[in-house]
Amino acid sequence: MIDYLNGRLVFKDPTYVLIDIGGIGYHVKISLQTYSAIKDEEQIKLLTYLHIKEDAHTLYGFKEEAEKRLFLLLISINGVGPNTGLMILSSLNTKEIEHAILSGDVATIQHVKGIGAKTAQRIILELKDKIGKDVGSDATSSQIGFLKSDNKVREEALKALITLGFPKTAAEKNITAVLKKTTGEISLEELIKASLKTP
């Protein structure tokens with residue numbers, strides 16, 4: 001099991017990073033929380049989870065211990081795979097997820113793409129006792145700075161949503177809807193997060 005990676009950040013995308021360690025490039029899937037927390041660090045350390053299937057070995061990375069712990073709890077639920085776990089962590093921050101679970105807020109969890117009512121209920125039922133109120137870490141509080149909602153940000157947001165499993169037309173529609181409501185400037189992270197929450 002690879003518990004963490006510590007190396008040079010070669011490339012950063014809202015859905016994955018490339019980390020160079022001793023000349024080997026590791027492709028690591030990340031959530032928007034981790035993307036925001038990384039900022040523009042040259043040397044980074046990510047806590048990791050290695051998911052092994054017959055046809056693929058996939059690394060998932062987390063900047064904060066609380067996020068990794070929550071991810072492992074989420075994927076322990078029947079019907080929640082690693083990609084769904086990452087989608088939940090990209091749609092809501094750690095504290096929002098924990099609050100929804102502790103307060104039995106099915107609607108908030110169900111709002112995440114790919115989560116139905118039964119799965120949302122199962123997450124709350126099975127994790128309510130496992131989540132302590134002191135576990136939360138506000139990883140999303142560190143902002144990556146504001147970016148103008150120009151074509152480059154729009155394209156990067158579109159690419160990220162498609163990577164997360166959205167059909168291109170639905171992703172474009174959600175981004176447009178968010179930008180229409182936005183006055184002034186919006187960061188890439190905020191644009192993706194708002195698009196994920198758009199019905």
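The structure we're discussing is the one just above.
Notes on the structure in this doc start here. (Residues numbered from 1 in each chain as written. Predicted model: local features only at pLDDT ≥ 70, side-chain atom pairs only at ≥ 80, totals over all residues. Heavy atoms only, no water.)

For helix α3 (residues 82-91), the buried fraction is high: eight of the ten residues fall into the buried class. Taken together, the buried positions of α3 are occupied by Pro 82, Gly 85, Leu 86, Met 87, Ile 88, Leu 89, Ser 90 and Ser 91. (Buried < 20%, exposed > 50% of the residue type's maximum accessible area, 1.4 Å probe, protein only. Helix = DSSP H or I, 4+ residues; strand = E, 2+ residues; numbered from the N terminus.)

Right, let's talk about the pairing of strand β2 (residues 16-21) for a bit. Pairing of strand β1 (residues 4-12) with β2, which is carried by four bridges, proceeds in the antiparallel orientation. Bridged to Lys 12 within β2 is Val 17. Connecting the antiparallel pair β1 and β2 is a turn made up of three residues. In this structure, β2 lies alongside strand β3 (residues 24-29), joined through six bridges in antiparallel fashion. By the bridge assignment, Val 17 is partnered in β3 with Val 28. From the end of β2 to the start of β3, which pair antiparallel, there are two residues, and Gly 22 there has a positive phi angle of about 60 degrees. (Pairing = 2+ DSSP bridges.)

What follows deals with helix α7 (residues 151-163). Since the α-helix turns once every 3.6 residues, residues separated by three or four places project in the same direction. In this model, α7 (13 residues) spans 18 Å end to end at C-alpha, consistent with the 18 Å of a helix rising 1.5 Å per residue. Taken together, the buried positions of α7 are occupied by Val 153, Ala 157, Leu 158, Ala 160 and Leu 161. Down the axis of α7, the buried set is contained in an arc of 165 degrees. They therefore lie on one face. In α7, the exposed positions angled more than 90 degrees off the buried face are occupied by Asn 151, Lys 152 and Glu 155. Phi for Gly 165, located one or two positions after α7, is positive at around 110 degrees. (Expected span 1.5 Å × (residues − 1). Arc of directions from axis to C-beta.)

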